[in-house]
Every structure is written in C-alpha cells, then in structure tokens.
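Examination of the molecular architecture
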Amino acid sequence: EDFTLGHYVTVIVQKKGQIPVNPDSVGRSFAGHKYLFQLLQQKGCRYEIISHEPVLSIEDVKEQIGYFPRAMVKTVIFKSRVDNKLIVVALLSEKRVHRKMIAQLLGIPANKLSFAPEKDLTSLGFQLGGVPPFGYPKTLAPYCFLDKEIISFDDDWLYMGIGENNKTLKIARQDFLKLTKQYKPIEIP
C-alpha cells in the first residue's frame, strides 16, 4: 500500500573483460591522479601544478591558463572491442587523431575501435577534462602512442592533464619523454 508506484531496484554489474571498477584487482594499487603525483616524484620530474576552474576540453584549458602553442598535449583514449584494452594517444592539442589511423596501426578493423567510455576513465580515477597521457597500468592500456612532433619539439615545457579537471600539469619536456619512452612514436598530420 505504501508503494503505489511500484518497487525500484538498482543493480550494478560488470561485463566479463571490462576494465575493473576496483583497479586493485589488476595487481597494484591504482588511485588515478594520486598515483601520477607519486610517479612524478619518484622519477624526479620537474613539474608544476596549475590550479583552475574545472574544464572538460583542451579548449577550456586554453581559456583557463592561456594558450601555449605547440606546448599543449591532449590525450585521446580509445578502446578496442577486440580485447577490451585501452589505447592511449598523446598528441599536440592542435591536431586530431582518427580512429581509422589507430585501427590500422593495431591491425584491427576500424569498427572494432571506439572512444573509451567515461566509466572506463573514471574507474581508473581520472576525471573527464583532466585525462593524463601517462600513468596507465600496462595490463589495461598496452597500446600507447606518442605524436612524433612532441619528441622533436624544442620548447622546455609541456602542459597536459593530471587526472583532475581542475588542475593542469606543466612538466619539463625531457621528463615527459622519459615517462613516455615506451610509447610508439607515430606521425599525426
């Protein structure tokens, strides 16, 4: 009688092969942005954290902290429907990466590749608008690519996400290259 509109039940499930909601299940403690700060300190990186209003895109970041041409790095995360793994692509903010190009590099059909869903990124502890280009468990993101132009870029500092959408990482380019040395360099037009 008290439930004239019916009963409501919320069920949370995880499909087999999906990124685990609790990243501890992949073999190491992983708390998103907190892990990134530890990584930066452990590797002795030169960096600065710039605080600002929450952002959702690289365009928002440019408005908040100013625009540093050719020094701003954005991260695009794809997900393979072949093996449910993440594909990380770090590129200059002015560029666009196409799904077909990445699918071809991986040797899979383009229709088996899509942008990673928000839930996959947030389950790793990263907020949209602050997705970092490094710091992913190898078991979840075995495919990582880096825009070749970043490698040959001659500026001393790069700007990028740090896992929180109200902070931007300013990092020495040489330290960034050390953190991403295992990434496969690719030509992004």
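Averaged over every residue, the pLDDT of the chain is 84; residues scoring 70 or more account for 84%. Of all helices and strands in the chain, the one with the weakest mean pLDDT is helix H4 (residues 118–123) (85), whereas strand S8 (residues 184–186) scores best (97). Between residues 14–30, whose pLDDT stays under 50, and residues either more than four places distant or in other chains, the model counts 35 contacts.

Let us now look at the side chain of asparagine 165. Note on placement: asparagine 165 falls in the loop between strand S6 (157–161) and strand S7 (167–172). Owing to a relative accessible area of 15%, asparagine 165 belongs among the buried residues under this scheme. At 3.4 Å, the side chain of asparagine 165 forms a polar contact with the backbone oxygen of leucine 128. Sequence-distant contacts of asparagine 165, defined by excluding residues within four places in its chain, comprise His52, Glu53, Pro54, Val55, Leu56, Gln127, Leu128, Gly129 and Gly130.

Of all the five residues making up S6, four are buried; the element is thus mostly covered by neighbouring parts of the structure. Both S6 and S7 contribute to a ladder of five bridges, which runs antiparallel. By the bridge assignment for S7, methionine 160 is matched with leucine 169. What sits between S6 and S7 in their antiparallel hairpin is a turn of five residues, with glycine 163 showing a positive phi close to 105°.

Strand order in the open sheet formed by five strands is S4-S2-S3-S5-S8, with mixed pairing between adjacent strands. Of all strands in the sheet, those bounded by a partner on one side alone are strand S4 (113–115) and S8. Strand-to-strand twist in this sheet, taken as the mean axis angle between neighbours without regard to direction, amounts to 30°. Note: strand S2 (residues 73–80) against strand S3 (residues 86–92), seven bridges, orientation antiparallel. Across the sheet, the residue bridging to phenylalanine 78 is isoleucine 87, located in S3. Strands in contact with helix H3 (residues 99–106) are S2, S3, S4, strand S5 (143–147) and S8; relative to S4, the strand with the most contacts, it is inclined by about 135°.

What follows covers the nonpolar core. In this structure, Phe134, Ile171 and Phe176 are the most contacted members of the largest nonpolar core, which totals 41 residues. Setting aside residues no more than four positions away along its own chain, phenylalanine 134 makes contact with Leu36, Leu39, Leu40, Met160, Leu169, Phe176, Leu179, Thr180 and Tyr183. In terms of nonpolar packing, the next biggest core, distinct from the first, is built from 13 residues, Val97, Ala103, Ile108 and Ile186 among them.

Our focus in this paragraph is a positive patch on the surface. A cluster of basic side chains, namely Arg81, Arg99, Lys100 and Lys112, defines a positive patch on the protein surface. For lysine 112, a relative accessible area of 36% corresponds to the partly exposed category.

On to the pattern of salt bridges, then. Under the definition given, this model contains nine salt bridges. Notably, a salt bridge pairs glutamate 48 with lysine 170, separated by 3.9 Å at the nearest N-O pair. Of the two residues, glutamate 48 is situated in strand S1 (residues 47–51) and lysine 170 in strand S7; the sequence distance between them amounts to 122 residues. One salt bridge in this structure joins glutamate 164 and lysine 167, with 3.7 Å as the shortest N-O distance. Here the residues in one salt-bridge network are Arg70, Lys95, Asp147 and Glu149, joined through shared partners.

Cut-offs and rules
Residues numbered from 1 in each chain as written. Predicted model: local features only at pLDDT ≥ 70, side-chain atom pairs only at ≥ 80, totals over all residues. Heavy atoms only, no water. pLDDT = per-residue confidence, 0-100. Helix = DSSP H or I, 4+ residues; strand = E, 2+ residues; numbered from the N terminus. Contact = heavy atoms within 4.5 Å. Buried < 20%, exposed > 50% of the residue type's maximum accessible area, 1.4 Å probe, protein only. Polar contact = N/O pair within 3.5 Å; in protein donor to acceptor, adjacent residues only side chain to side chain. Pairing = 2+ DSSP bridges. Axes fitted to C-alpha atoms, helices over the stretch in contact; angles between N-to-C directions. Core = buried A, V, L, I, M, F, W, Y, C linked by side-chain atoms within 4.5 Å. Patch = residues over 30% accessible without salt bridge, like charges linked within 9 Å, V, L, I, M, F, W, Y side chains within 5 Å. Areas by Shrake-Rupley, 256 points an atom, 1.4 Å probe, with all protein chains shown as cover. Salt bridge = Lys/Arg side-chain N within 4 Å of Asp/Glu carboxyl O. Lys, Arg positive; Asp, Glu negative; His and termini not counted. Charge placed at Lys NZ, Arg CZ, Asp CG, Glu CD.

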